[in-house]
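Chain and residue survey
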Amino acid sequence: MSTTLEARGSEGDGAGGTSRRRSYHLHAWSFTAPGVVWVFAFTIFPLAHTLYLSLQSTGLGGNRFVGLRNFVRLWRDYRFWSALRLTLTFVAVSVVVTVVVGTVLALAVNRGVRGTRVFRTLSILPMFAAPIALGYLGLTIFYQQGGPINNVLAAVGLRPVPWLSDGRWALVSILAVDVWQWTPFVFLVVLAALQNVPAELLEAARIETSSSWPVLTRITFPLIRGPLGTVIILRIVEAFKVFDIPFTLTNGGPGLATRSLTYDVYTTGLRNQNFGYAASIAVVMLVLVMVVAIVFYRSYGSTYE
Amino acid sequence: MAKRCSTYAVLAGFLLVGTAGVSQAAASMDELEKSTADKAFAAAAKGKPNPAWKGQTFTIATLAAGPRGAISGPLYFWKPYFEKLTGATYRVVEIAFGDMQAKIETDFASGAGQYDAVVGGQFMMGDYVANDWIIPIDKYLNDPSYPKMDLDSIAPAYKALDRWGDHWYAFNNDHDGMILYYRRDLFNDKKWQDQFQAKYKYALPNPPKTWQQLLDVASFFNSVEWNGPGKEHQGISLHLKVGEQGFFDFLSIAAPYVVSTPGGNPKKVTRFHNVFWFDPTDMKPLVNTAPFVKALETEIALYKAGSSAQLSWALGEAWNAFLGGQAAMCYSFGDVTPLAESAANSVIKGKVAASPTPGSTEVWDFQSKKWVKASGANLVGNVDGASWSGVISRKAKNPDLVAYFLAWQGTPEINHWNTTWGFTGINPGTKYDFFAPFGTAKVEDYVNAGYDRQDAIDYVNAYQKQDFEYPLQLPYLRIPGTPAYLESLDVHISEALSGHVSAQEALNRIASDWDEITDRLGRDKQVKFYREAIGYTGG
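What you see is a predicted model; the values in this text were computed from it and never measured.

1. Describing the pairing of strand S6 (residues 179–183) of chain B
Residue and element names in this part refer to chain B. Of all 5 residues making up S6, 5 are buried, and the element is well covered by its neighbours. Alternating positions in S6 separate into two faces, Ile179, Tyr181 and Arg183 on one and Leu180 and Tyr182 on the other, with burial throughout. Note that S6 and strand S7 (residues 329–332) share 4 bridges and pair antiparallel. Bridged to Ile179 within S7 is Ser332.

2. Observations concerning the side chain of Gln526(B)
Considering the arrangement of structural elements, one finds Gln526(B) in helix H21 (residues 523–534). Aside from chain neighbours lying at most four places away, what touches Gln526(B) is Leu60(A), Met283(B), Ile479(B), Pro480(B), Tyr485(B), Thr518(B) and Leu521(B).

3. Side note on the interface of chain B and chain A
Many authors give the size of an interface as the accessible area that is lost as the parts come together. Taken together, the contact between chain B and chain A spans 40 residues of the former and 33 residues of the latter. With both sides pooled, the region where chain B packs onto chain A buries about 2,800 Å², and carbon together with sulfur makes up 46% of that total. When residues of chain B are sorted by the area they lose upon contact with chain A, Glu487(B), Glu516(B) and Arg520(B) head the list and together hold 21% of the total. For the pair chain B and chain A, the number of links is 6 salt bridges. Notably, a salt bridge pairs Arg259(A) with Glu487(B), separated by 2.6 Å at the nearest N-O pair. Summed over the shared surface of chain B and chain A, the number is 18 residue pairs in polar contact (both at pLDDT 80 or more). Looking at the side of chain B that touches chain A, the elements that each hand over two or more residues are helix H4 (100–110), helix H19 (482–497), helix H20 (503–521) and H21 of chain B. In terms of residue count, the dominant contributor to the side of chain B that touches chain A is H19(B) (8 residues). Its residues placed into classes, the side of chain B that touches chain A shows 12 nonpolar, 14 polar and 14 charged.

4. Here's the deal with the pattern of salt bridges
Summed over the entire model, instances satisfying the criterion amount to 25 salt bridges over all chains. Among the salt bridges present, the one from Lys241(A) reaches Glu238(A), with a minimum N-O distance of 3.9 Å. Here Lys241(A) falls in the partly exposed class, since its relative accessible area comes to 43%. Each of Arg79(A), Arg259(A), Asp264(A), Glu487(B) and Asp513(B) takes part in one network of salt bridges that share partners.

5. Topic: the packing of helix H4 (residues 78–110) of chain A against helix H10 (residues 212–240) of chain A
Residue and element names in this part refer to chain A. Taken N-terminus to C-terminus, the directions of H4 and H10 make an angle of 145°; their axes are 10 Å apart at the nearest point. Where H4 crosses over H10, the handedness of that crossing is right-handed. Judged by residue contacts, Thr87, Leu88, Phe90, Val91, Ser94, Val95, Thr98, Val99, Thr103 and Leu107 of H4 engage Leu216, Phe221, Leu228, Val231, Ile232, Arg235, Ile236, Ala239 and Phe240 from H10. Here the contact of H4 with H10 is built from residues that sort into 14 nonpolar, 4 polar and 1 charged.

6. With respect to the pairing of strand S10 (residues 370–378) of chain B
Residue and element names in this part refer to chain B. Inspection of the sheet shows strand S9 (residues 360–365) paired to S10 by 5 bridges, in the antiparallel sense. Its bridge partner lying in S10, Asp365 is registered against Lys370. The turn linking S9 back onto S10 is made up of 4 residues, and Lys369 within it adopts a positive phi angle of 55°.

Conventions and cut-offs
Residues numbered from 1 in each chain as written. Chains lettered and ligands numbered in written order. Predicted model: local features only at pLDDT ≥ 70, side-chain atom pairs only at ≥ 80, totals over all residues. Heavy atoms only, no water. Buried < 20%, exposed > 50% of the residue type's maximum accessible area, 1.4 Å probe, protein only. Helix = DSSP H or I, 4+ residues; strand = E, 2+ residues; numbered from the N terminus. Pairing = 2+ DSSP bridges. Contact = heavy atoms within 4.5 Å. Buried area = accessible area lost by both parts, 1.4 Å probe. Salt bridge = Lys/Arg side-chain N within 4 Å of Asp/Glu carboxyl O. Polar contact = N/O pair within 3.5 Å; in protein donor to acceptor, adjacent residues only side chain to side chain. Nonpolar A, V, L, I, M, F, W, Y, C, P; charged D, E, K, R; others polar. Axes fitted to C-alpha atoms, helices over the stretch in contact; angles between N-to-C directions. Left-handed = near helix turned anticlockwise from the far one by under 90°.

Below is the structure:
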């Protein structure tokens, strides 16, 4: 960029050239400044402030510098490990289930089955609902005594499930609501990608083989690899941030059974007013997500080049 | 077809008549509510509202429960009266219970000044005062321009919550405390009395006097079909959902095992007596000691005498199980009888007995570290709950106007009216709420608001006994950081109840968390605040 500018500058001569250069710089800055300000105000500053806070302890009368003590404490904090375990489990299950189910549905709909338009419209409705509303809806659906799911189970002679009062079932409940909300997103993106696969390519492949499996694995999947990768990384990042659903459905309980890392940051920072320690959890979470993203792009990156 | 039509017509007729009956009854209750409120408004002290307040608006943050819900309900209800009285008005900002600390303390700490007043939980008082976020209200209490509250009528335990050191900070409003509610019809039924006697070898206690008796009774009613064949029949209903107010259940159980008298003046606070939370000399948590373990083990057993869903029940669900006739007992705040008398889903009006929470036959002596037999039962009253009361933010734009409103709500007429009408969530705790000869209220005050006479008597007397006659009281935690201490308590009690860890392990985790919080906030400062809060002066 600077080379180009210099080259252009040298084209002019004397005061006129300097003036043109200045005008060019001014224009360049006026176009880039909003972006730079935006990035500084909403990305760099919060990040720097979070890093600064993570080195502080919040007591009566304000913060004091404690170095890396917050990070050392994390290693022996069972709450942090419990939230980390829960979050990683949640990410793994939620991403796998939404991607598999969404892709299978997209493949089915892409075959042109009757009523797909109606199905497509209906299936994306949960995506437009606020997660907090879905959480409250889940509260009704998973209600243990007289909730619709347990009523159906009772009608077929099965025992009621302690959806929200048992730790493992509570995790299943928040996963179910999350999968319900995010599967349509995967479905829509994968369907759009499938519809961009050239029909003649598929027809040519079908002439070569009578089985649809090789067509799917050798033609279709390689061609939708890019959009699928985008979906997976977006889902991973979104699942790492899970907060609204456990917040509304279980309050993170029973005990700590459904308390995610973001929930832990919220409770530690805003409820318990321990901003320094909350910031250190947030920093670790950021590093984790970055590591996952880097590993993902290392193995998937060639698709985007 | 004709038969089907006529059947539909008859059904529709029943529905119409039924609906008309219900709406007539509702209309007459609405009229009664309005006319009694008008009378209370007319009789309440009004001071001299400043004409300059006309057209002004202030903001009150409070519990999210809607226009007819607990605590926020009366703020909406009295708004037109206040507008008529002063020409000023206010906005109500509703905040969910679990978000109150986060939103209010963030507003105060950041100096945003979004809220001029908070009708909030008294457990935030330590943070308010330590950080100088609210103003003392002493100057308004004897100023004739402001409506006069009857401060002498307030039960001592609640009065202490409104004050810090030598100053008043909160206006009289709500008086929370847990009491026991139980089904009078079941306890008086000879069939159940005989079966209980046969099984437990002592008479069905009416009411249960100790937590062990309560556990026996709950287990008994959980095991017999007292509600008819095939129907839900729980011994007890508890609100144990984490992030709500379940930890108060544990505190009520622990109180008589932990709080003891030094003899002589029963209320004297020493290092080992009338203490509950911490050792007042060094803030070492007491929560993982033997009496707390016993209390938590009792609560775990009690939880098993009810629905397993209790772990996901907030207040509403637990109360509904009792109001809907599925649970034989419930111990909770003062909203249960008022709801039993007025809620549409209540099937137990006229059957709700009440008593103070039970005691224990032994109490832990922290000095000798041994159990000591209590003479009779060790009875410890409690003011568990939020006791929602109004405070004024230091950033309030017009603190005088806010003070006028909160003082007016605390006058005996308005406050007592709120107590008698169930939807308000305001619970009794003043002499004008209690019956003669102790107080000045009449049973008719409650009967006129839709109560069954005996239910009203049992309910009001249970509070009067607990507030004024119980020799000891569970000290209320309200030092800086209280929300953080309580959050830890809440989460780990839930862990023990869900079987994730043992009672001792859960309590050890709480003690460890509490030490961390105390160190973070400054142990020396916390010792000072704690001593002030419980009235410990040494010894």
